[in-house]
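A closer look at the structure
Okay, here's what each chain looks like letter by letter:
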Amino acid sequence: MSHTVKVRTKYQITIPEEVRKIIPLEVGTRVEVIARENEIIIKPVIEVPREQAWFWTEEWQEMEKKLQKIKKKVE
């Protein structure tokens, strides 16, 4: 899917409706903007509340995967 949009004042662009239907965004959603060669990539950022951030660390997620494997074996 490809769309052409115009860069406006303050370098703002409008994300086309067809794209927003596929990638659900809301007003205020934070996005990551990546420059790669001659491309601009815009990705939604999933924000985690600070008090839950520990759960999403790589180490904790590895432990969760191991526990899920054990759980499957027991069932």
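Residues numbered from 1 in each chain as written. Predicted model: local features only at pLDDT ≥ 70, side-chain atom pairs only at ≥ 80, totals over all residues. Heavy atoms only, no water.

1. Notes on the overall build of the protein chain
Here is the rule we go by: Runs of H or I in DSSP of at least four residues are treated as helices and runs of E of at least two as strands, each being numbered from the N terminus. The atom set for the radius of gyration is the C-alpha atoms, and the globule formula is 2.2 Å times the number of residues raised to the power 0.38. For every residue, the accessible area (1.4 Å probe, protein chains only) is compared with the maximum for its type, and the residue is labelled buried under 20%, exposed over 50%, or partly exposed between those bounds. Residue contacts are counted whenever heavy atoms from the two residues lie within 4.5 Å of one another.
Summing up its helical and strand segments, the protein chain has two helices and two strands in all. Secondary structure elements of the protein chain occur, N-terminal to C-terminal, as α-β-β-α. Its C-alpha atoms give the protein chain a radius of gyration of 19 Å, clearly above 11 Å, the size a compact globule of 75 residues would have. Counting only C-alpha atoms and orienting by the principal axes, one finds that the protein chain spans roughly 55 × 30 × 30 Å. Expressed as a percentage of the 75 residues in the protein chain, the buried residues total 1%. Excluding contacts between residues fewer than 6 apart, the proportion of contacts in the protein chain whose partners are at least 24 apart in sequence is 3%.

2. Side note on unusual backbone geometry
With a phi close to 60°, Lys-10 is a non-glycine residue in the positive phi region. By the element assignment, Lys-10 lies in the segment before helix H1 (17-22). One non-glycine residue, Tyr-11, lies in positive phi territory at about 60°. Among the secondary structure elements, Tyr-11 is positioned in the segment before H1.

3. Remarks on the pairing of strand E2 (residues 39-44)
Formally: Two strands form a pair only when DSSP identifies at least two bridges running between them.
Two elements, strand E1 (residues 31-36) and E2, share six bridges in a ladder whose sense is antiparallel. Looking at E2, one finds that Val-31 is bridged to Pro-44. Turn length for the E1-E2 hairpin, with the two strands adjacent in sequence and antiparallel, is two residues, and the turn residue Glu-37 shows positive phi of about 50°.

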